[in-house]
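# Structural features, examined
Chain residues, written in single-letter form:
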Amino acid sequence: MLDISQKTIKDIIELEGVGLHCGIKAKLCIKPSPPNSGIKFKRTDIDGNKNIIEANYKNVKEPVLCTKIQNSSGVSVSTIEHLMGAFYGEGIDNALVEIDAPEIPIMDGSAFDFVEAIRAVGTENQKLPRKFIKVLKKVELKHGQKSISIEPLKEDLIIDFEIVYKNPLIRTRRKEFKLSEADLTSIYNSRTFCLYEDIDQIQSQGLAKGGSLENAIVVKENKILNGNGLRHRHEFVEHKILDCLGDLMLSGHRIFGHIKTSQGGHQLTN
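Quantities reported herein were computed from a predicted structural model and do not represent experimental measurements.

### So, the overall build of the protein
Looking only at helices and strands, one finds six helices and 18 strands in the protein. Relative to the compact-globule value of 18 Å for 270 residues, the protein shows a C-alpha radius of gyration of 18 Å, a close match. Counting only C-alpha atoms, the protein reaches 50 × 45 × 35 Å along its principal axes. When the accessible area of the protein is evaluated, it comes to approximately 13500 Å², of which 47% is carbon and sulfur surface. The average position of the 37 basic charges and that of the 36 acidic charges among the side chains of the protein differ by 4 Å.

What follows is the structure, encoded as structure tokens:
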């Protein structure tokens, strides 16, 4: 049954952890928010009235290796996609996210901790109805070998995601996710990943300062360097679906549509 009421969280959530790319330890405080306020981020380490950043696709800046949003004053917050994916999946429309650093904590590399925290405090239906974006005609975008499209679908969201890697362990994998039918557990639990040979290049860009085997899967040739391996066989592609859900949340509303993407990512989704 389609839930048409807007939702927020019942109580304050407090979490802390390190930023994947900046390496800075951050405190996160998520607060209930009134109807029609949407998701907003507030940088508590910055004084004044210029520290609010609306979670909207128009504010996306440099969506490479993570999703970063920035307001008109140049204040930004990055790696919001896993938290936003948790908000999408758990039906949260309105929340204020206070953060004392430039990046959301990566936690274990998945959305698990965010989802557990939301479920622990519970959600609250609000009196105003939720708004939905209904896709009226197919829209497609291509960038070299990469592509993404969305087409009409009645009162549901489907994400059909394909990843293509030369790596012999990851290879080509494809998974379809239907919001109305799926158990989101494996998607929530899927961690971010990278190739061992890409680490030097990523770090040369000033990124992954907080990265470790505690918060990312690292693949070297046909081996997974993490001691416990994968959590499930579809973890690579389902993490991409989690990222996609989080980026779609930046539309400001739930979406009715059928998405098909091959070799997609933050930039293409945005």
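### Things to note about the packing of helix H1 (residues 81–90) against helix H2 (residues 112–121)
The contact between H1 and H2 brings their axes to 9 Å, and the two run at 45 degrees. On the basis of the axis angle, H1 is oblique to H2. Regarding H1 and H2, the two cross each other, and that crossing is right-handed. Listed contacts from H2 to His 82, Leu 83, Ala 86, Phe 87 and Glu 90 of H1 are Phe 114, Val 115, Ile 118 and Arg 119. Looking at side-chain class alone, the contact of H1 with H2 contains six nonpolar, one polar and two charged residues.

### Regarding the packing of H1 against helix H5 (residues 235–248)
Axis separation between H1 and H5 bottoms out at 7 Å; the angle between their running directions is 80 degrees. Relative to H5, the element H1 is oriented roughly perpendicular. Contacts between H1 and H5 involve Glu 81, His 82, Met 84, Gly 85 and Tyr 88 on the former and, on the latter, His 239, Leu 242, Asp 243, Leu 245, Gly 246, Asp 247 and Leu 248. Grouping the constituent residues of the contact of H1 with H5 by class yields five nonpolar, four polar and three charged.

### Quick look at the side chain of His 266
Relative to the elements of secondary structure, His 266 occurs in helix H6 (residues 266–269). Relative accessible area serves as the criterion here: at 9%, His 266 is assigned to the buried category. Engagement of the side chain of His 266 in a polar contact is seen with the side chain of Glu 81, the distance being 3.5 Å. Every residue in contact with His 266, bar those within four places of it in the chain, is listed here: Pro 63, Leu 65, Cys 66, Thr 67, Glu 81, Asp 243 and Asp 247.

### Section: H5
Taking 1.5 Å as the rise per residue, H5 with 14 residues should run 20 Å; its terminal C-alpha atoms sit 20 Å apart, in good agreement. Taken across its 14 residues, H5 has 14 buried, putting it largely inside the fold.

### Focus on a nonpolar patch on the surface
There is a patch of nonpolar side chains on the surface, built from Tyr 196, Leu 213 and Leu 225 and spanning about 260 Å² of accessible area. By the secondary structure assignment, Leu 225 is in the loop between strand S17 (223–224) and H5.

Rules and cut-offs
Residues numbered from 1 in each chain as written. Predicted model: local features only at pLDDT ≥ 70, side-chain atom pairs only at ≥ 80, totals over all residues. Heavy atoms only, no water. Helix = DSSP H or I, 4+ residues; strand = E, 2+ residues; numbered from the N terminus. Rg over C-alpha atoms; globule rule 2.2 N^0.38 Å. Areas by Shrake-Rupley, 256 points an atom, 1.4 Å probe, with all protein chains shown as cover. Lys, Arg positive; Asp, Glu negative; His and termini not counted. Charge placed at Lys NZ, Arg CZ, Asp CG, Glu CD. Axes fitted to C-alpha atoms, helices over the stretch in contact; angles between N-to-C directions. Parallel < 35°, antiparallel > 145°, perpendicular 65-115°, else oblique. Left-handed = near helix turned anticlockwise from the far one by under 90°. Contact = heavy atoms within 4.5 Å. Nonpolar A, V, L, I, M, F, W, Y, C, P; charged D, E, K, R; others polar. Buried < 20%, exposed > 50% of the residue type's maximum accessible area, 1.4 Å probe, protein only. Polar contact = N/O pair within 3.5 Å; in protein donor to acceptor, adjacent residues only side chain to side chain. Expected span 1.5 Å × (residues − 1). Patch = residues over 30% accessible without salt bridge, like charges linked within 9 Å, V, L, I, M, F, W, Y side chains within 5 Å. Salt bridge = Lys/Arg side-chain N within 4 Å of Asp/Glu carboxyl O.

Without other data, these values stay purely geometric and don't point to any function.
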